[in-house]
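Okay, here's what each chain looks like letter by letter:
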Amino acid sequence: MNGSIRGQNLLTLNDLSREALVEVLDTAESFVEVNRRTIKKVPALKGRVVASLFFEESTRTRLSFETAAKRLSADVLSLAVASSSVKKGESLRDTIATIDALGIDAVVMRHQSSGAAMQVSRYVPQVRVINAGDGLHQHPTQGLLDAFTVRQVLSERAGTSGVETGAELFDGLKVLIVGDIRHSRVARSDIAAYSALGCQVRVAAPGTLLPSDIENWPVQVVNDYDEALEWADVVALLRLQRERGSGSFVPSLGEFTQTFGLTLARAKRLRPTTLIMHPGPMNRGVEIDSRVADLPSAVVERQVANGVPIRMAVLYLTVAGTNEGVS
Ligand code: CP
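Residues numbered from 1 in each chain as written. Predicted model: local features only at pLDDT ≥ 70, side-chain atom pairs only at ≥ 80, totals over all residues. Heavy atoms only, no water.

With that out of the way, let us pick up the site of the ligand. Near the ligand the following residues occur: Ser58, Thr59, Arg60, Thr61, Arg110, His139, Gln142, Pro279 and Gly280. At 3.1 Å from a nitrogen atom of the ligand is found a main-chain nitrogen or oxygen belonging to Gly280. Coverage of the ligand by the protein chains reaches 92% of its 260 Å² of free accessible surface. Here the ligand occupies the largest pocket. By residue class, the composition of the shell around the ligand is 1 nonpolar, 6 polar and 2 charged. (Near = heavy atom within 4 Å. Polar contact = N/O pair within 3.5 Å; in protein donor to acceptor, adjacent residues only side chain to side chain. Areas by Shrake-Rupley, 256 points an atom, 1.4 Å probe, with all protein chains shown as cover. 1 Å grid on protein atoms, 1.4 Å probe; cavity = no way out; pocket = protein on both sides within 12 Å on 5 of 7 lines; lining within 4 Å. Sits in = over half its atoms within 2 Å of the grid points. Nonpolar A, V, L, I, M, F, W, Y, C, P; charged D, E, K, R; others polar.)

Spelled out as structure tokens, the structure:
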């Protein structure tokens, strides 16, 4: 287990200790304040170069990583993959070598293949590699920002700051993750984060949308979804990933919604304090009713907003690795 991501790559949350996770959350807390200033910039990564390589579609992750890097005063090289030489057949290895030749300190990369970020970290060992989502494997910064959002909302309710709270409020917290677990890198990173932080994690999904090795995961599979909704402090919905063929794992979208969608009727089973989360993009009317997504207890937009301080923290810790330049 790694006790810190300082000066390291961030490829997965599976090998991070509770202390390492809390260090990221606490660092992000200091960047929340920077993001509230009129001039939202600190010199922490001045002179450093961050390459943003998204081989797969993204709105939130790409924009918030690039915003985060700019707010840390880094220079950002953003590769438009669709109009790059990747389309002429240039390999991942040659693409990375080309970008590295321009002089970079970090690569933020999303790729459709599980393990692509790990592969790149072998090609350019002197560059910090941050996984922004690889195939079905991991989406580490989503796991971090989800845990950060839970800590932020619960500590606000308790009248404390997240840093004061540390990881205490995660002890025994009941987290229910619902939907397409099988194809979800978000589920894998969320489960790694929540379980390392001390939460109880349950998953609810049709049998066909559970991974075949679910018994080896640190979760309990629920038999009674409605009962689990009453149990949960946090309900995290997952997108039905039609681009990964998940539509063929359920008889019909309507049946999925009827059995596992968070409909308005089902949302009435939740306690008023239960947080409703979704990493986005949402399929409104499929895994979540549009009216549920807009309830005050749904924190979807706050999750998006927290993407910036979390990604500032990750870039800062992995690339700078010191305490210089934060203020
Ligand atoms: N949650 C998430 O990764 O969203 P994007 O695909 O828009 O980046």
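What follows is about the layout of surface pockets. Considered as a void within the structure, the largest pocket measures approximately 390 Å³ in volume. In terms of lining residues, the largest pocket is bounded by 20 residues, among which Arg110, Arg185, Arg239, Gly280 and Pro281 are the most central. Elements with a minimum of two residues in the lining of the largest pocket: α2 (60-71) and α7 (185-197). For the lining of the largest pocket, the class distribution of residues is 4 nonpolar, 8 polar and 8 charged. Residue assignment places the lining of the largest pocket across two domains, with domain 1 (18-137 + 306-320) and domain 2 (140-304) each supplying three or more. (Points joined across faces, edges and corners; volume = space filled by probe spheres on them. Helix = DSSP H or I, 4+ residues; strand = E, 2+ residues; numbered from the N terminus. Domains from an automatic or database assignment.)

We now examine the domain arrangement of the chain. Interface size is often expressed as the accessible area that is lost when the parts come together. Assigned domains of the chain: these are domain 1 (18-137 + 306-320) and domain 2 (140-304). Relative placement of domain 1 and domain 2: their C-alpha centres are 25 Å apart. Taken together, the 26 residues of domain 1 in the interface contact 30 residues of domain 2. It is Arg18, Leu136 and Asn306 in domain 1 that bury the most area against domain 2; as a group they hold 28% of the surface buried on that side. Across the domain 1-domain 2 interface, the total number found is 4 salt bridges. There are 18 residue pairs in polar contact (both at pLDDT 80 or more) connecting domain 1 and domain 2. Among the elements that take part in the side of domain 1 that touches domain 2, helix α1 (residues 18-36) stands out by supplying 9 residues, more than any other. Its residues assigned to classes, the side of domain 1 that touches domain 2 shows 11 nonpolar, 7 polar and 8 charged. (Contact = heavy atoms within 4.5 Å. Buried area = accessible area lost by both parts, 1.4 Å probe. Salt bridge = Lys/Arg side-chain N within 4 Å of Asp/Glu carboxyl O.)

The side chains of a regular strand alternate, residue by residue, between the two faces of the sheet. Across the 5 residues that make up strand β5 (residues 174-178), a large majority, 4, are buried. Taking the sense of rotation as the criterion, the β-α-β connection linking β5, α7 and strand β6 (residues 200-204) turns out right-handed. Inspection of the sheet shows β5 paired to strand β8 (residues 234-237) by 4 bridges, in the parallel sense. Residue Leu176 lies in a different strand from β8, and its bridge partner there is Val235. (Buried < 20%, exposed > 50% of the residue type's maximum accessible area, 1.4 Å probe, protein only. Right-handed = clockwise from strand over helix to strand, strands pointing away. Pairing = 2+ DSSP bridges.)

The next thing to look at is the sheet that holds β8. Here we have 5 strands laid out as an open sheet, ordered β7-β6-β5-β8-β9, and parallel in their pairing. Looking at strand neighbours, the two that pair on one side only are β7 (220-221) and β9 (275-277), the edges of this open sheet. When β5 meets β6, the two strands line up parallel, connected through 5 bridges. Within the sheet, the bridge partner assigned to Val178 lies in β6 and is Ala204.

The subject of this paragraph is the packing of aromatic side chains. One pass over the structure, following the stated rule, counts 2 aromatic pairs. With centroids separated by 5.9 Å and ring planes inclined at 75°, the aromatic side chains of Phe31 and Tyr316 adopt a geometry described as edge-to-face. Of this pair, Phe31 sits in helix α1 while Tyr316 is found in helix α12 (residues 300-320), placing the two residues 285 residues apart along the sequence. For Phe31, a relative accessible area of 0% translates into the label buried. (Phe/Tyr/Trp six-rings, centres within 6.5 Å; stacked < 30°, edge-to-face > 60°.)

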